[in-house]
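A closer look at the structure
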Amino acid sequence: MPDLDTIKAELRAQRIELPSWAFGNSGTRFKVFPQAGVPRTPPEKIADAAQVHAYTGVAPSVALHIPWDRVDDYAELGRNAKDLGVELGTINANVFQDNDYMLGSVTNPDPAVRRKALGHLLECVDIMDQTGSRDLKLWFSDGTNYPGQDDIAARQGRLSEALHAVYERLGADQRILLEYKLFEPAFYTMDVPDWGTAYAHCVELGPKAAVVVDTGHHAPGTNIEFIVAVLLRKGKLGGFDFNSRFYADDDLMVGAADPFQLFRIMAEVVAGHALRPAAGIAFMLDQCHNIEPKIPGQIRSVMNVQEATAKALLIDRSALSAAQRARDVLGANAVFMDAYNTDVRPLLAGVRTEQGLDPDPVAAYAASGYAERIVAERVGGTAAGWGA
Ligand code: RM4
Ligand code: MN
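Here the structure is a predicted model, which is why all the values come from computation and not from measurement.

A short note on the overall build of the protein
For the protein, the count of helices and strands is 14 helices and ten strands. Computed over its C-alpha atoms, the radius of gyration of the protein comes to 21 Å, within 12% of the 21 Å expected for a compact globule of 388 residues. Considering only C-alpha atoms, the protein reaches an extent of 60 × 55 × 40 Å along its principal axes. The buried share of the protein, taken over its 388 residues, is 54%. Restricting the contact set of the protein to residue pairs at least 6 apart, pairs at least 24 apart contribute 78%. Carbon and sulfur atoms provide 56% of the accessible area of the protein, an area that totals close to 16900 Å². The positive charge centre, built from 37 side chains, and the negative charge centre, built from 50, are 2 Å apart in the protein.

Let's talk about the layout of surface pockets
A volume near 1300 Å³ is recorded for the largest pocket. If you trace the largest pocket, you find 39 residues lining it, with G27, K181, E184, D249 and W386 closest to the centre. Of the residues belonging to the lining of the largest pocket, the class tally is 16 nonpolar, twelve polar and eleven charged. In this structure, the second largest pocket encloses a volume near 520 Å³. If you trace the second largest pocket, you find 27 residues lining it, with E17, S61, E87, L88 and G89 closest to the centre. When contributions to the lining of the second largest pocket are tallied by element, the ones reaching two or more residues are α3 (74-83), β3 (87-93), α4 (111-131) and β10 (282-285). A per-element tally of the lining of the second largest pocket places α3 first, with six residues. Here the residues of the lining of the second largest pocket are counted per class, giving eleven nonpolar, eight polar and eight charged.

Focus: helix α13 (residues 361-368)
Restricting attention to buried positions, one finds in α13 the residues P361, A364 and Y365. Burial along α13 is one-sided: seen end-on, the buried residues are contained in an arc of 100°. Along α13, the residues that are exposed and aim more than 90 degrees away from the buried face are A366 and A367. Against the buried residues of α13 lie α2 (42-56), α9 (294-314), α12 (345-354) and α14 (370-377). Directly after α13, the chain includes G369, whose backbone phi takes a positive value near 85°.

Things to note about the pattern of salt bridges
Taken as a whole, this structure holds 23 salt bridges when the rule is applied. Two residues, R378 and E44, come together in a salt bridge whose shortest N-O distance is 3.7 Å. Here the residue R378 occupies a position in the segment after α14, and E44 occupies one in helix α2, the gap between them amounting to 334 residues. The exposure classification of R378 matches that of E44, with both residues buried.

Observations concerning the coordination of the manganese ion (ligand 2)
Those donors, E179 (OE), D214 (OD), D241 (OD) and D286 (OD), are the protein atoms that reach the manganese ion (ligand 2), and they lie 2.1 to 2.2 Å from it. Geometry at the manganese ion (ligand 2) is octahedral, judged from the six donor atoms that bind it and their angles of 72 to 164° at the metal. One chain supplies every donor to the manganese ion (ligand 2), and in sequence these donors are spaced E-x34-D-x26-D-x44-D. Of the two residues, D241 sits in strand β9 (residues 237-242) while D286 sits in the loop between β10 and α9, which places them 45 residues apart along the sequence. Each member of the pair D241 and D286 is classed as buried.

As for the packing of helix α5 (residues 152-169) against helix α6 (residues 195-205)
Their axes nearest at 10 Å, the elements α5 and α6 cross at an angle of 45°. As the angle between them shows, α5 and α6 are arranged oblique. In this structure, α5 meets α6 at a crossing whose hand is right-handed. The residues of α6 that touch α5, namely those facing Q156, L159, S160, L163, H164 and Y167, are T197, H201, E204 and L205. Here the contact of α5 with α6 is built from residues that sort into four nonpolar, five polar and one charged.

Some details on the environment of L320
Within the secondary structure, L320 sits in helix α10 (residues 317-325). The spacing of L320 and V335 is 15 residues in sequence and 5.9 Å in space, taken between C-alpha atoms. Not counting residues within four places of it along the chain, the set of residues in contact with L320 comprises I315, A332 and V335.

Here we look at the site of ligand 1
Ligand 1 sits among 13 residues. The nearest are H65, E179, H217, D241 and D286. The separation between an oxygen atom of ligand 1 and a polar side-chain atom of H65 is 2.8 Å. The separation between an oxygen atom of ligand 1 and a polar side-chain atom of E179 is 2.7 Å. The site holding ligand 1 turns out to be the largest pocket. Its residues placed into classes, the shell around ligand 1 shows four nonpolar, three polar and six charged.

About the thresholds
Residues numbered from 1 in each chain as written. Chains lettered and ligands numbered in written order. Predicted model: local features only at pLDDT ≥ 70, side-chain atom pairs only at ≥ 80, totals over all residues. Heavy atoms only, no water. Helix = DSSP H or I, 4+ residues; strand = E, 2+ residues; numbered from the N terminus. Rg over C-alpha atoms; globule rule 2.2 N^0.38 Å. Buried < 20%, exposed > 50% of the residue type's maximum accessible area, 1.4 Å probe, protein only. Contact = heavy atoms within 4.5 Å. Areas by Shrake-Rupley, 256 points an atom, 1.4 Å probe, with all protein chains shown as cover. Lys, Arg positive; Asp, Glu negative; His and termini not counted. Charge placed at Lys NZ, Arg CZ, Asp CG, Glu CD. 1 Å grid on protein atoms, 1.4 Å probe; cavity = no way out; pocket = protein on both sides within 12 Å on 5 of 7 lines; lining within 4 Å. Points joined across faces, edges and corners; volume = space filled by probe spheres on them. Nonpolar A, V, L, I, M, F, W, Y, C, P; charged D, E, K, R; others polar. Arc of directions from axis to C-beta. Salt bridge = Lys/Arg side-chain N within 4 Å of Asp/Glu carboxyl O. Donors = N, O, S within 2.8 Å, 3.2 Å for Na, K, Ca; no water. Tetrahedral: all angles 85-135°; square planar, octahedral: opposite > 155°, others 65-115°. Axes fitted to C-alpha atoms, helices over the stretch in contact; angles between N-to-C directions. Parallel < 35°, antiparallel > 145°, perpendicular 65-115°, else oblique. Left-handed = near helix turned anticlockwise from the far one by under 90°. Near = heavy atom within 4 Å. Polar contact = N/O pair within 3.5 Å; in protein donor to acceptor, adjacent residues only side chain to side chain. Sits in = over half its atoms within 2 Å of the grid points.

Don't take any of this as a statement about function, it's just geometry.
Shown next, in the form of structure tokens:
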């Protein structure tokens, strides 16, 4: 059996990054149901994220999305975060919400639009210099809706050109994390539809570029843990955008739709020795809480990742490899399933208690009165949202 103290140390060392946008209003293209008390400014989003960290102890950084989180003084925003016990994390570029980008951003047939999009990406690196962020996460909505609409290979060339320009601008400790998505908003071709395309671009760029796996960005039935294992083996897994989905890019709470899949993914992460922050994998949430309260939604998501991680750490690796060596198909599968079927909630409650945290983050947050306070205090102004 794996050593319990080692497992607890791994769980304490785990780090999960929160998305600033999860705290603002969101919805579907049919309706955004506004919630009372949602943040109106980047500092208020960070304050809410700090609550998630305060009760879970493993979520000490917040990813920003530019321009949604644009401020005059990023150093001040960083100090602000530090005062609340968190720090600024990944910078997410946004080249998908401008009228100019209807036919693409960096792959647009119009060179002027391409220049504008590249300008934004470079601005994001400037911001990283001020926030001290390591990672620039790039997701492109670029693509086409109809066969013949544009030249597929030419668009790859334009994409590559922009990525190279950003790569050249990166500091020594900065990275590009390139995210892929099968479809939406484009329905015929996305310019970065899959891990293979993202991987090819990252290899071409060099060691400071790696792939981000957003768990909601695949075709139904895709074996995501296989992708994780392959990318890890190649040293090209940069991070995760965790969320869950029943149908498409649902952005639901991670571990809600398919906790077994999350476990299988974390099992590959553990097997690949990639859990510790030193391994350089960014474990991020990328979710929207459309109908549930946002801060508890994030707390629940963090706990779901922790539970999947604890189960992955519980896999009896020596029994597993013994069964594999003995070609014992059922035995190996049983070792794997034993770990998954273990109730790890008491283990995690114990880890929290040992860290001086409440064993039940959801209840502790609910009892804190913070939710009522922000509803009372955040009156007037414009609630943060996607602006879409
Ligand atoms: C995209 C993609 C990005 C995220 C935006 C909000 O679908 O997943 O990672 O930043 O949504
Ligand atoms: Mn994402």
